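Structural characterization, general
If you want the building blocks of each chain, they are given just below.
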Amino acid sequence: MDVPPEVPKEDGRPKWDNKFQYILSCIGFAVGLGNVWRFPYLCQTHGGGAFLIPYFIALIFEGIPLLHLELALGQCLRKGSISAWHTISPYLGGVGVASWTVSILVSLYYNTILTWVMWYFINSFQEPLPWSICPLNENRTGLNEECYESTAVNYFWYRKTLNITPDVTDSGTLQWWLVLCLAACWAIVYLCTIRGIETTGKAIYVTAIFPYVVLTIFLIHGLSLPGATEGLAYLFTPNLNILKNPRVWLDAATQIFFSLSLAFGGLIAFSSYNPSKNDCEKDAVTVAVVNSITSLYASIPIFSVLGFKAITGYWDCLDRNIISVINEYDLPEQSITRQSYTDWITFLNSSNPEKLAGLKLKSCDLQEFLDQSVSGSGLAFIVFTQAVILMPGSQAWAILFFVMLFSLGLSSMFGNIEGVFTPLLELQVISKSIPKELLSGIICLVSFLFALCFTLGSGSYWIDIFDSYAGSLPLLVIAFFEVIGVAYVYNIKRFSEDVKWMTGRKLNVYWQITWRFISPLLLLIIFVAFVTLQIQKTPSYAAWNPKYEHFPMKEQKVYPCWVQAICVLLAALPCVLVPLVALIHLIKRMCRSKDPSLVPPEMFSCQEVKKRNILSACK
């Protein structure tokens with residue numbers, strides 16, 4: 001007999017105040033910095049509008065099925081990642097431990113990115129913006145040499161913010177301004193997660209909704225800027241020939257996977273606070289669609305502004321050439337305009353090519369300015385900040401931009417911390433007498449102390465390492481074992497019955513096929529392709545070195561052996577936990593013929609888990 005759906009707090013777990021709060025939390029976790037600074041870059045470099053074809057194929061056959069699986073699993077078992085996978089089978093407990101480990105590693109460096117955002121936000125109140133002008137040298141006889149040879153934007157980022165060392169092996173010192181900002185960021189995370197979803201559920205209304213307000217403001221203003229049309233045309237003009245490149249399909253699949261925050265355990269934790277009778281299928285589709293629409297929506301204002309930056313740079317190039325030509329040929333002022341520049345150059349080149357060649361005019365090509373593509377921190381802290389300088393009211397736009405980035409990152413941090421927080425509450429090694437506030441405080445304090453290494457002069461190099469290795473390959477492995485565990489260990493037929501019991505609808509053939517065949521196959525292909533690409537190239541990094549002979553270009557360096565070993569460890573550690581935990585349980589089972597903790601998976605179902613929770617709550 002099914003348990004009636006209206007059983008308030010049947011297992012003593014906290015519950016969301018309402019459905020909207022839960023959906024916002026999932027959207028806030030999924031929609032992060034990557035939607036703003038990686039998706040537009042991939043569109044730009046992979047054929048513009050043509051990139052949307054593999055992107056939406058990956059969304060339909062990989063993203064939505066895996067998202068539905070995680071939300072349904074958490075809601076079904078009403079447990080965090082570690083307990084949920086242990087409940088399905090003790091041999092799959094390592095899947096939960098691996099996702100918990102990845103959540104910790106990602107949280108460490110992700111909040112450091114928010115530290116950079118906070119530092120830029122604080123400096124956005126200065127007039128003029130500190131990254132708009134080069135400072136004087138120590139003798140005050142000229143401009144700072146490093147800034148003069150690069151740009152004011154680069155100087156503020158690499159020297160005034162990171163104070164970066166020229167080599168990953170040169171740790172440098174702790175940067176006190178970053179330490180203070182890091183402490184403030186972890187304090188904010190603590191205050192927002194102090195009691196789990198009871199506090200994050202309140203904060204999410206601001207952190208999840210505010211970025212859309214800012215994006216809309218940037219959209220309206222961006223479309224009114226000169227060059228916006230060129231920027232959007234460059235972004236979305238399809239180049240179908242590029243679809244022949246396998247890398248395009250790999251990047252589309254990985255972007256969908258990572259942008260939905262799959263395999264972190266946070267989504268399982270969020271859905272575990274839902275009532276058992278809830279339409280998790282509709283929730284998964286809603287969150288996935290909103291996430292993808294947000295990526296597209298964010299691309300429009302981003303490339304409107306970048307188009308404005310490109311056209312401004314193009315005009316500046318033309319103006320410098322025009323002044324040189326007018327002075328050399330003693331022409332009247334205003335005789336050469338931007339519109340007539342090409343005709344004049346053609347005429348002068350035909351009449352006196354030697355004299356024109358002696359001017360050494362720069363080649364001004366709008367396409368070259370538009371081709372200056374960059375993703376990640378380079379987009380946020382270099383390219384976009386340079387564009388903001390050119391906009392009227394640059395202070396206000398800088399403040400809005402960095403508040404938006406902080407909100408995006410903070411809502412994603414909620415999911416990461418929940419992926420760490422919820423399993424710890426459920427593990428028996430943590431005493432139930434420990435208040436949530438104390439546990440949350442310990443998590444944030446320990447994370448802050450470990451994250452101090454990212455505020456060193458070499459900190460940004462290590463963030464790239466953590467992002468490239470800890471936050472990529474392990475997630476593919478975890479997701480693969482998740483879908484295999486549900487489809488073939490727990491059994492897809494029983495899971496389908498559980499979902500039917502929760503949603504009131506029978507699963508259609510789309511979910512059956514994707515969970516059984518398409519999603520695991522796609523994950524396996526992505527994993528093999530990802531590993532193959534990593535093996536083919538030597539692990540290297542781009543170092544900012546003012547003494548490099550080709551400065552301000554970055555110096556390409558190979559990671560030393562001990563750093564490469566750490567890279568392998570970061571990628572392998574979470575992956576190894578999956579078979580390691582299974583091996584431990586196998587040994588325990590062999591040592592003891594009857595172990596009451598090793599319950600066969602066939603005995604579990606959502607209905608039975610719910611009945612057990614109610615019975616335990618009534619005792």
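Everything numeric here is computed off the predicted structure, so don't read it as measured data.

What counts, and where the lines are drawn
- Residues numbered from 1 in each chain as written.
- Predicted model: local features only at pLDDT ≥ 70, side-chain atom pairs only at ≥ 80, totals over all residues.
- Heavy atoms only, no water.
- Helix = DSSP H or I, 4+ residues; strand = E, 2+ residues; numbered from the N terminus.
- Rg over C-alpha atoms; globule rule 2.2 N^0.38 Å.
- Buried < 20%, exposed > 50% of the residue type's maximum accessible area, 1.4 Å probe, protein only.
- Contact = heavy atoms within 4.5 Å.
- Areas by Shrake-Rupley, 256 points an atom, 1.4 Å probe, with all protein chains shown as cover.
- Lys, Arg positive; Asp, Glu negative; His and termini not counted.
- Charge placed at Lys NZ, Arg CZ, Asp CG, Glu CD.
- Core = buried A, V, L, I, M, F, W, Y, C linked by side-chain atoms within 4.5 Å.
- Patch = residues over 30% accessible without salt bridge, like charges linked within 9 Å, V, L, I, M, F, W, Y side chains within 5 Å.
- Salt bridge = Lys/Arg side-chain N within 4 Å of Asp/Glu carboxyl O.
- UniProt positions renumbered as here; feature names shortened; annotations may be inferred.
- Polar contact = N/O pair within 3.5 Å; in protein donor to acceptor, adjacent residues only side chain to side chain.
- Expected span 1.5 Å × (residues − 1).
- Bend = angle between axes of the 7 residues up to and from the residue.
- pLDDT = per-residue confidence, 0-100.

**Some remarks on the overall build of the protein**
Assigned secondary structure in the protein consists of 25 helices and two strands. Against the compact-globule benchmark of 25 Å for 619 residues, the protein has a radius of gyration of 27 Å, which places it among compact chains. Each of the 619 residues in the protein was classed as buried or not, and the buried ones make up 55%. Looking at the protein alone, contacts between residues at least 24 apart form 82% of all its contacts between residues at least 6 apart. For the protein, the accessible area works out to roughly 26800 Å², and carbon and sulfur atoms hold 64% of it. Looking at the protein, you have 42 positive and 43 negative side-chain charges, and the mean spots of the two groups are 13 Å apart.

**So, the nonpolar core**
Among soluble globular proteins, nonpolar side chains are generally buried collectively. Judged by nonpolar contacts, the single largest core of 172 residues is most densely connected at Leu-67, Trp-186, Phe-257, Phe-381, Phe-402 and Leu-405. The residues touching Phe-381, leaving out its near neighbours within four places in the chain, are Trp-37, Ile-113, Trp-116, Val-117, Tyr-120, Val-153, Trp-157 and Phe-402. One finds Cys-317, Tyr-329, Leu-348 and Cys-364 within the second-largest nonpolar core, a separate group that totals eleven residues.

**Description of a nonpolar patch on the surface**
A contiguous nonpolar surface patch, about 640 Å² in accessible area, is contributed by Val-576, Leu-580, Leu-583, Ile-584, Leu-586, Ile-587 and Met-590. If you trace the backbone, Ile-584 turns up in helix α24 (residues 561–591).

**Concerning the UniProt feature "binding site: Na(+)" (unreviewed entry) in the protein**
UniProt records the feature "binding site: Na(+)" (unreviewed entry) for Gly-28, Ala-30, Val-31, Asn-35, Ser-259, Asn-291, Leu-408 and Ser-412 in the present numbering. A compact arrangement is adopted by the annotated residues: their sequence extent is 385 residues, whereas the largest C-alpha distance between any two is 12.5 Å. Examined against the element boundaries, Gly-28 turns out to sit in helix α1 (residues 19–30). Sequence-distant contacts of Gly-28, that is, excluding residues within four places in its chain, are made with Ile-204, Ala-208, Leu-408, Ser-411 and Ser-412. Mapped onto the fold, Asn-35 is located in helix α2 (residues 33–37). Excluding residues within four positions of it along the chain, Asn-35 makes contact with Ala-30, Pro-40, Asn-291, Ser-295 and Ala-298. Looking at Asn-35, its side chain comes within polar contact range of the main-chain nitrogen of Gly-32, at 3.0 Å.

**Focus on helix α4 (residues 52–77)**
Relative to the 38 Å expected for 26 residues at 1.5 Å per residue, α4 spans 35 Å between its end C-alpha atoms, a close match to the ideal helical length. Along its length, α4 reaches its greatest deviation from straightness, about 45°, at Leu-59. When you tally the buried positions in α4, you get 21 out of 26 residues, the bulk of the element. Count one or two residues on from α4 and you reach Arg-78, which has phi positive near 55°.

**Details of the side chain of Ser-519**
If you trace the backbone, Ser-519 turns up in helix α23 (residues 509–536). Classification of Ser-519 as buried rests on a relative accessible area of 0%. Each residue touching Ser-519, except ones within four places of it in the same chain, is listed here: Phe-61, Glu-62, Pro-65, Val-483 and Thr-514.

**A few points about the confidence of the model for the protein**
Per-residue pLDDT for the protein has a mean of 88; in total, 93% of the residues score no lower than 70. Across the protein, element-level confidence peaks in helix α9 (residues 176–193) with a mean pLDDT of 96 and bottoms out in helix α25 (residues 606–618) with 55. Confidence drops under pLDDT 50 across residues 1–9; counting only partners more than four residues distant or on other chains, this segment forms 14 contacts.

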